[in-house]
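# Report on the structure
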Amino acid sequence: MNEGTNAHRRRLVHSLAAVGALVFALGPTTAAFAHEGEENVPAITDVQEAIAILAEHPGLFPAEEVTDHAMDKVGDALESNDSRGVVLENVSQAKDALDAGKTEDALTLLERSIGACPGAPVIEPEDAPRTQPPLSSPCPSLAHIQGLDRSPVGGAQEPVLIALGAVLILAGLGLARRIR
Amino acid sequence: MSERSTGVESTPAEVQTPGTWRRFWDALDERLGLKGLQYPIPEHANNLAYSLGGLTLITFVLMVATGIYLTQYYNPDPNLAHESVRRIITSVSFGKFIRGFHYWGAMAMIVLIGLHLLRVFVSGSFKRPREANWIFGVILAGTTATLFFTGTVLKWDQESLEALEHNIEIGKILGRFGFWFSPSFGGIPFLTRLYVVHIAVLPFLFTMVVAVHLLLVKRLKMAPSPFRHGPQPEPTRPFTKHLAELGALALILIGILTILAVLAPPPHGPAPIEGIEITKPPWPMLWVYPIEDWIGVAGILWATLAIFLALFIVPFVDRSPERSPRKRLPMMIAAGVVVITMIGLIVYAAVQPVASHIGMG
């Protein structure tokens, strides 16, 4: 009985060792395979993806996660074989800004590196021109673009519309009561 | 000369001579048959729970009205759509308010039609002979959900693009039946085709089905209350009274939507970019997100189909004439489990980190 248990234990240890060896041997290969060919992705695509990661609701995720994800893309951009349309110096500065935790600065630098305005449409980066056309008008500030989200209607409309809404609610409540 | 001066006695009928308003109303009735709307409906139908369907229809009308305004400024070209939404928010008169109203109206419509379905289910109003009308109701719920989804895509920010990419993946799972969801189908961009579906095909379908739905409600009459017992017939009220109450509730709804549109306008994210997955869907679609985490994009398709299939077969499973929820406990428990599971999935997805599901990035 003891011999059988020992043999079973030996087999288990050998199997685990074999799986461990396989994982150890294949692990780096798989990781390398995952990153293989990334230097062939145009730098402008990596930069556009980094911009989207930094710009898209940063409050939704932990700050480190956003920075790490963007940093990967920035690193890929710097190592890319195709840097057409990208000012790599700005990308390097953006990398430093990310390192320092200054994500808004990094975003501005990345946008500057491809000559884009904050929030400018970027569709199908694979097909996008590798150089940006010159800007016809000054870019709106990033704060202005981000300020559009979730900001109230503003201006003179706001109190009038709120008052109108309140009047409608009161009228509806009054009518409902009267009809009953 | 007046009658009084001539001493002629006026009859009671003459004293009650109808005023201008009354005569105008009678003239309209003579031509449009408006008094036909005064047919009796049971008293139990005159409350909020039995007004949810009507409120859904009113919200749909509001969506059409605000949608028409937005279509004047929205550009469904993928290269211009994001910018045109920005323009609506920043430059168009009342653009930000109308867009906010449209957004909150869509949320309200989803909630109202969901609650209406739930009310019909709990009160057993789908039972014979109203099975077909339940099915039309489920089709309306599906149409509403599709309107919501296509509307989410049209704003064309990162969330929209990712929603569209999921749609394309689901099209691939459907194989040859998913040809319409292929970006290469047709001669115009997919976004533009979805726009046509959002502003023309789905509203047309909704209008047609809701017309049949209402006709069947009229033809089959309101279902009896599941809580009323005894031999005495239930008191009735004219349908016009119900309409008046519905109008009052609609005023309250419009007021709430107005205030929400002003104080909490919907966000519009940065321009979309392909190749990354960094957003979650809006809350009405969030329940499929964990399922997608566990079994992949196909989970969205199968979970959605399962829910709608379950809704379609309700009248064929719960066939007893009993309407009281207390006497249909297994069905109530099953529905409760489904609703609680969906709410649980939404909450779970809301607190989970964003995950990449379609092998991007």
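Residues numbered from 1 in each chain as written. Chains lettered and ligands numbered in written order. Predicted model: local features only at pLDDT ≥ 70, side-chain atom pairs only at ≥ 80, totals over all residues. Heavy atoms only, no water.

### As for a nonpolar patch on the surface
All names here are of chain B. Just so we agree on the cut-off: For patch building, the residue pool is restricted to those with more than 30% relative accessible area and no salt bridge; the joining distance is 9 Å between like charges and 5 Å between nonpolar side chains (Val, Leu, Ile, Met, Phe, Trp, Tyr). Shrake-Rupley sampling with a 1.4 Å probe provides the accessible areas, and residues are treated as covered by the protein chains on show and by no other component. Every case where a carboxyl oxygen of Asp or Glu lies within 4 Å of a side-chain nitrogen of Lys or Arg is listed as a salt bridge. Strands are runs of DSSP state E lasting at least 2 residues, helices are runs of H or I lasting at least 4, and numbering of each runs from the N terminus. Classification of residues uses two cut-offs on accessible area relative to the type maximum, computed with a 1.4 Å probe and protein chains only: under 20% is buried, over 50% is exposed, and between them is partly exposed.
On the surface, Val-111, Leu-115, Leu-118, Val-122, Trp-283, Val-339, Ile-343 and Val-347 cluster together into a nonpolar patch covering about 620 Å² of accessible area. Every element with two or more residues in the nonpolar patch is listed here: helix 6 (95–122) and helix 13 (329–351). If one sorts the elements of the nonpolar patch by residue count, helix 6 sits on top with four residues. Inspection of the secondary structure puts Ile-343 in helix 13. Ile-343 sits in the partly exposed class, given a relative accessible area of 49%.

### Comments concerning the side chain of Lys-280 of chain B
Residue and element names in this part refer to chain B. Inclusion rule: Counting rule applied: Lys, Arg positive; Asp, Glu negative; His and chain ends not counted. In the analysis that follows, any N or O atom pair within 3.5 Å is treated as a polar contact, provided that within protein one partner can donate a hydrogen and the other can accept it, and provided that, for residues neighboring in sequence, both atoms belong to side chains. Residues are treated as being in contact if the distance between any of their heavy atoms lies within 4.5 Å.
For Lys-280, the position within the fold is in the loop between helix 10 (239–263) and helix 11 (288–295). Comment: no salt bridge for buried Lys-280; closest opposite-charge side chain is Asp-293, at 8.2 Å. In terms of polar contacts, Lys-280 uses its side chain to reach the backbone carbonyl oxygen of Gln-352, at 2.3 Å. Non-local contacts of Lys-280, meaning those with residues more than four positions away in its chain, are made with Glu-159, Leu-286, Tyr-289, Ala-349, Ala-350, Val-351, Gln-352, Pro-353 and Val-354.

### Focus: helix 3 (residues 20–32) of chain B
To keep things clear, this is the line we draw: For a helix, the expected span equals 1.5 Å multiplied by the residue count minus one.
The terminal C-alpha atoms of helix 3 of chain B lie 18 Å apart, and with 13 residues this matches the ideal 18 Å at 1.5 Å per residue to within 8%. Residue Gly-33 of chain B follows helix 3 of chain B closely and has a positive phi angle near 65°.

### Quick look at a negative patch on the surface
Here is the rule we go by: Every charge is mapped onto a representative atom, which is NZ of Lys, CZ of Arg, CG of Asp or CD of Glu.
Taken together, the side chains of Glu-64, Glu-65, Asp-68 and Asp-72 of chain A make up a negatively charged region of the molecular surface. By the element assignment, Asp-68 of chain A lies in helix 3 (residues 63–79).

### What about the packing of aromatic side chains?
Each aromatic ring pair is summarised here by two numbers: the centre-to-centre distance and the angle between the ring planes. Residues and elements named next belong to chain B. Basically, it comes down to this: Between 30 and 60 degrees the pair is tilted, below 30 it is stacked and above 60 it is edge-to-face, where a pair is any two Phe, Tyr or Trp rings, Trp via its six-membered ring, whose centres lie within 6.5 Å. By definition, being over a ring means that NZ of Lys or CZ of Arg is both within 6 Å of the ring centre and within 35 degrees of the ring normal.
All told, the structure shown has 14 aromatic pairs over all chains when counted by the stated rule. Seen from their ring centres, Trp-294 and Tyr-348 are 6.0 Å apart, and the 35° between their planes marks the pair as tilted. One end of the pair, Trp-294, is in helix 11; the other, Tyr-348, is in helix 13, with 54 residues separating them in the sequence. Connected via pairs of aromatic rings, a cluster forms that spans Trp-21, Phe-24 and Trp-25. The ring of Tyr-50 is capped by Arg-119, whose NZ or CZ atom sits 3.8 Å from the centre of that ring.

### Comments concerning the confidence of the model for chain A
All names here are of chain A. How we decide: Confidence of the predictor in every single residue is expressed as pLDDT, which spans 0 to 100.
Confidence in the prediction of chain A, expressed as mean pLDDT, is 69, and 53% of residues score 70 or more. Put simply, helix 1 (residues 2–35) is where chain A has its lowest mean pLDDT, 47, and helix 7 (residues 157–179) is where it has its highest, 93. Across residues 18–34, confidence stays below pLDDT 50; counting only partners more than four residues off in sequence or on other chains, it has two contacts. Across residues 121–138, where pLDDT falls below 50, the model places 31 contacts with residues more than four positions away in sequence or in other chains.

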